[in-house]
Amino acid sequence: MKLYNSDFSPNCVRVRAVAFELGIDLEIVDVDLRSKSPELLALNPNGKVPVLVDGDFVLWESRAINAYLARLHPERGMYPQAPRQALVDQWSLWQAVHLGPAMQKVALERFFKARFGMGTPDEAAAAASHQEALRFLAVLEPRLASRPWVVEELSIADFALGSTFTFRKPAGIALDQFPAVTAWIDRLEALPSWQRATAALSVT
Ligand SMILES: N[C@@H](CCC(=O)N[C@@H](CS)C(=O)NCC(=O)O)C(=O)O
């Protein structure tokens, strides 16, 4: 399988990590997101990564890709049957719509803009998104207080959520007031699959 990829993309991190966790061999095709190639645009008219190519089958949207990969290995239970599957969807969608955008906006203003020359950082925007992120982290904290993974067993929801935390340190998002979230992200980041997926990133 081919993955059209950008190392620093949290959306690509979550797909790389799930593929590695499932033992799926990926041929990584690194994409320059500043000059979208006709090849990328033909595969994904949005001009975004990740894109998975499995033979003739082309799929974009990271969470859909991860559901597809997990279904290829049902024995691993990473996209379980209903009703747990509905909870995996719930937390994955919540990350996509609420927690992820708030955290990513902070990372954009405090890390990506300076690192990749993406314009002038707007600290007021970062601070507002940081507040919003804290509100959502307070929702995640009690969920993780009594279970190791967000839906009991390791699932694609943990990978969906976890990628949101990739740039928390350079973004200045401390987790001190969220001990269960801290223990969970430490567990996730200790997985060999996660370490391999993030090996190319140098962030502190
Ligand atoms: N919802 C999409 C988001 C994909 C996305 O925004 N990818 C970014 C990298 S993190 C990208 O390709 N950006 C390039 C652009 O928008 O021009 C997913 O989860 O796969």
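Given the structure is predicted, the values throughout are model-derived calculations rather than measurements.

Reading the values: rules and limits
Residues numbered from 1 in each chain as written. Predicted model: local features only at pLDDT ≥ 70, side-chain atom pairs only at ≥ 80, totals over all residues. Heavy atoms only, no water. Axes fitted to C-alpha atoms, helices over the stretch in contact; angles between N-to-C directions. Helix = DSSP H or I, 4+ residues; strand = E, 2+ residues; numbered from the N terminus. Parallel < 35°, antiparallel > 145°, perpendicular 65-115°, else oblique. Contact = heavy atoms within 4.5 Å. Near = heavy atom within 4 Å. Polar contact = N/O pair within 3.5 Å; in protein donor to acceptor, adjacent residues only side chain to side chain. Areas by Shrake-Rupley, 256 points an atom, 1.4 Å probe, with all protein chains shown as cover. Nonpolar A, V, L, I, M, F, W, Y, C, P; charged D, E, K, R; others polar. Core = buried A, V, L, I, M, F, W, Y, C linked by side-chain atoms within 4.5 Å. Buried < 20%, exposed > 50% of the residue type's maximum accessible area, 1.4 Å probe, protein only. Salt bridge = Lys/Arg side-chain N within 4 Å of Asp/Glu carboxyl O. Pairing = 2+ DSSP bridges.

Here we come to the packing of helix 6 (residues 156–163) against helix 7 (residues 179–190). Where helix 6 contacts helix 7, the two axes come as close as 11 Å, and the packing angle between them is 105°. In this view, helix 6 runs roughly perpendicular relative to helix 7, as classed from their interaxial angle. Here Asp158, Phe159, Leu161 and Gly162 of helix 6 lie close against helix 7, whose contacting residues are Trp184, Ile185 and Leu188.

Here the focus is the site of the ligand. Every residue close to the ligand is listed here: Ser9, Pro10, Asn11, Leu33, Lys36, Lys48, Val49, Pro50, Glu61, Ser62 and Arg63. The contact in question runs from an oxygen atom of the ligand to an N or O atom on the side chain of Lys36, over 2.5 Å. One of the side-chain N or O atoms of Glu61 is found 2.7 Å from a nitrogen atom in the ligand. Burial of the ligand by the protein chains amounts to 73% of its free accessible area of 510 Å². Among the secondary structure elements, those contributing two or more residues to the shell around the ligand are helix 1 (10–21) and helix 3 (62–72). Taken together, the residues of the shell around the ligand break down into four nonpolar, three polar and four charged.

Core analysis: the biggest nonpolar cluster contains 58 residues, and Leu137, Leu140 and Phe165 have the highest contact counts within it. For this core, the secondary-structure elements that each account for two or more residues are helix 1, helix 3, helix 4 (84–116), helix 5 (123–144), helix 6, helix 7 and helix 8 (192–197). Broken down by element, this core gets its largest block of residues, ten residues, from helix 4. For Leu140, the residues in contact, after removing those within four places along its chain, are Trp91, Trp94, Leu99, Val150, Leu161, Phe165 and Val181.

Right, let's get into the pattern of salt bridges. For the structure shown, the criterion picks out eight salt bridges. In this structure, Asp7 engages Arg16 in a salt bridge whose closest nitrogen and oxygen atoms are separated by 3.9 Å. Of the residues examined, Asp7 reaches a relative accessible area of 28% and is grouped as partly exposed. Of the residues examined, Arg16 reaches a relative accessible area of 4% and is grouped as buried. One salt bridge connects Arg34 with Asp32, and the closest N-O pair in it is separated by 3.5 Å. Judged by its relative accessible area of 38%, Asp32 falls in the partly exposed class. One network of salt bridges, in which partners are shared, links Lys105, Glu109 and Lys113.

Looking now at the sheet that holds strand 1 (residues 2–5). Ordered by their spatial adjacency, four strands build an open sheet running 2-1-3-4, and the pairing between neighbours is mixed. Of all the strands in the sheet, just strand 2 (27–30) and strand 4 (57–60) have a single pairing partner and so form its edges. Sheet twist, expressed as the average angle between the axes of neighbouring strands with direction ignored, equals 20°. Inspection of the sheet shows strand 3 (residues 51–54) paired to strand 4 by four bridges, in the antiparallel sense. For Val53, the partnering residue across the bridge sits in strand 4 and is Val58. Across the sheet, helix 1 lies against strand 1 and strand 2, angled at about 155° from strand 1, the strand it touches most.

Looking now at the environment of Gln95. Among the secondary structure elements, Gln95 is positioned in helix 4. Since its relative accessible area comes to 2%, Gln95 is described here as buried. Aside from chain neighbours lying at most four places away, what touches Gln95 is Arg14, Arg63, Gly100, Pro101, Ala160, Leu161 and Thr164.

Taking burial as the measure, the eight residues of helix 6 include eight buried ones, the bulk of the element. Listing the buried residues of helix 6 in full gives Ile156, Ala157, Asp158, Phe159, Ala160, Leu161, Gly162 and Ser163. For helix 6, the secondary structure elements touched by its buried residues are helix 1, helix 3, helix 4, helix 5, helix 7 and helix 8.

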